[in-house]
Amino acid sequence: MKIKFWGVRGSIGSPIRPAGVKQKIEKILSLASPTDIQNEQSIRKFLNSLSFSASSTYGGNTTCVEIRDKDDNLIIIDGGTGLRELGNSIMPTAFGKGGGHAHWILTHTHWDHIQGIPFFVPLFLPGNHFEFHSSFEDMEDRLKYQFVFSHFPVSFDHYAANKTFHYEEEGKEVQLGPHITAFSKAVRHPGGSFSYRFTENGKSIIFASDAEFNLDEMENIDTYIDYFRDAEILVFDTQYTFEESLQKIDWGHSSASIATDIALRAKVKKLIMFHHDPSYDDDKLDLVYLRALKYKEMFDPHGKLEIIMAHESLELEI
């Protein structure tokens, strides 16, 4: 399986501001020596030597992720603002000719997970087929409500692609194409949300965003540890610092320290920090990431758990 991240923010889109762009340029110039900018090759080498946040950005689009199986069949997870770029990227393929097919997982319908759907161009094209899967029985009605005229000027029925909806009972395995199976598990979040475990050839990716785990739940978490156990990749909600999570009980999100504890107990291979707070700039996300790495080293200095901070365009393969 392959996984690619198109939107990694939570709550609301947070594009980098002009002042932030200027600050990055100033920082880059302050670090450069005359030999670093002699020619294109030296400039490229210099930029590659910088930290990720200095030369790039984690991104400001809200939740959208794609998974591909070994035959390149597409599974879409949620539809935040990152979905628009995903849609543009597949237009040169069969989707641009009305011959595309994808499975589409919707974890829940808070704004930051559906606000990109009206701008997903492949939905306009007749012949494309999208199979929506959800553990909410009323998902079709929820999406249609998003498109009522008082909220958006185009109705859901105007999107000419074939749209079918499947209710997936929690914990019941479903086949997503010829190779990948998946099943859902409810997680704590206002209004409800579901995580999903995707498996191909015995290897699993778990998507568990918008999930609140706190200290009280850590004492009674065995069923979740079994669910997360031995996953190759665990995409986990780490929107808050540990200090913030203590102040925001029942807000529906977790911290990097809790995520690390869970990943270590479940013997996860890679933990992907996800659903970044919209108020965090790239420098703050760097600090959050470094704190997570130090926390992991404190409790498991010789372990094999790899922690990765999600950013737009990040691609991983198992």
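Higher on the page you've got the structure.
Counting restarts for each chain, with residues numbered from 1 along the sequence as it is written. Where local features are concerned, this predicted model is filtered to residues with pLDDT of at least 70; where side-chain atom pairs are given and counted, the filter is 80 or more; whole-chain, interface and lining totals use all residues. As a rule here, side-chain values cover all heavy atoms of the structure and leave hydrogens and water aside.

Looking at the packing of aromatic side chains
Each Phe, Tyr or Trp ring (for Trp, its six-membered ring) is paired with any other whose centre lies within 6.5 Å, and the angle between the two planes then decides the class: stacked below 30 degrees, edge-to-face above 60, tilted in between. The final tally for this structure, using the stated rule, is 25 aromatic pairs. Arranged with centres 5.8 Å apart and planes meeting at 25°, the rings of Phe95 and Phe130 form a pair that is stacked. Linking Phe95 in the loop between helix H4 (82-90) and strand S4 (101-105) with Phe130 in strand S5 (residues 129-134), this pair joins segments that are 35 residues apart in sequence. Each of the two residues, Phe95 as well as Phe130, counts as buried. Centre to centre, the rings of Trp104 and Phe130 are 5.7 Å apart; their planes meet at 65°, and the pair counts as edge-to-face. Labels follow the DSSP assignment, with helices taken as runs of H or I lasting at least four residues and strands as runs of E lasting at least two, numbered in each case from the N terminus. Each residue is assigned to one of three classes by its accessible area relative to the maximum for its type, calculated with a 1.4 Å probe on protein chains only: buried under 20%, partly exposed between the two thresholds, exposed over 50%.

Overview of the pattern of salt bridges
By definition here, a salt bridge exists when the distance from a side-chain nitrogen of Lys or Arg to a carboxyl oxygen of Asp or Glu is within 4 Å. Throughout the structure, instances matching the rule amount to 13 salt bridges. Close ionic contact of Glu66 with Arg68 constitutes a salt bridge, the shortest N to O distance being 2.9 Å. The burial state of Glu66 is the same as that of Arg68; both residues are buried. The salt bridge partner of Lys269 is Glu232, with a shortest N-O separation of 3.9 Å.

Digging into the side chain of Ser209
Its place among the elements puts Ser209 in the loop between strand S10 (203-208) and helix H6 (215-218). In terms of polar contacts, Ser209 uses its side chain to reach the side chain of Asp210, at 2.8 Å. By definition, residues are in contact when any of their heavy atoms lie within 4.5 Å. Once residues within four sequence positions are removed from consideration, Ser209 is found in contact with His113, Val187, Ser193, Val235, Asp237, Phe274 and His275. Pairs of N or O atoms are called polar contacts if they sit within 3.5 Å, as long as, within protein, a hydrogen donor faces a hydrogen acceptor (for residues adjacent in sequence, only side-chain-to-side-chain pairs).

With respect to the pairing of S5
Burial within S5 is extensive, with five of its six residues counted as buried. Examined bridge by bridge, S4 and S5 share five bridges and lie parallel to one another. Bridging from a neighbouring strand, His103 pairs with Glu131 of S5. Note that S5 and strand S6 (residues 162-167) share six bridges and pair parallel. Here, a strand pair is defined by DSSP locating no fewer than two bridges between the strands.

Details of the sheet that holds strand S11 (residues 233-237)
In sheet architecture, strand pairing relies on hydrogen bonds along the backbone and comes in two forms, parallel and antiparallel. Across the sheet, seven strands lie side by side as S7-S8-S9-S10-S11-S12-S13; this open sheet has mixed pairing. Edge positions in the sheet fall to strand S7 (174-176) and strand S13 (306-309), since each has one partner strand and no second. With direction set aside, neighbouring strand axes in the sheet form an average angle of 25°. Note: strand S12 (residues 270-274) against S13, four bridges, orientation parallel. To obtain each axis, a line is fitted to C-alpha atoms, and for helices this fit is confined to the stretch in contact; angles are then taken between N-to-C directions over 0 to 180 degrees.

Details of unusual backbone geometry
A positive phi angle, close to 60°, is found at Asp78, a residue other than glycine. Not every positive phi belongs to a glycine, and Lys267 is a case in point at roughly 55°. Looking at where Lys267 falls in the secondary structure, it is placed in the loop between helix H9 (256-265) and S12.

A closer look at the sheet that holds strand S14 (residues 315-317)
Spatially, seven strands are ordered S6-S5-S4-S3-S2-S1-S14 in an open sheet, and the strand pairing comes out mixed. Lying at the two open borders of the sheet, with one neighbouring strand each, are S6 and S14. Pairs of neighbouring strands in the sheet enclose a mean axial angle of 20°, with direction left out of account.

Some remarks on the nonpolar core
By nonpolar core is meant a set of buried Ala, Val, Leu, Ile, Met, Phe, Trp, Tyr and Cys residues that side-chain atoms within 4.5 Å join together. With 51 residues, the main nonpolar core has Phe5, Ile76, Trp104, Phe130 and Phe198 as its most contacted residues. When residues in this core are grouped by element, the largest group, four residues, is from strand S3 (residues 74-77). Ignoring sequence-local partners within four residues, the contact set of Phe130 consists of Ile76, Phe95, Ala102, Trp104, Phe120, Pro122, Leu123, Ala161, Asn162, Lys163 and Thr164. Ile206, Ile258, Leu285 and Met309 belong to the second largest nonpolar core, which has 30 residues in total.

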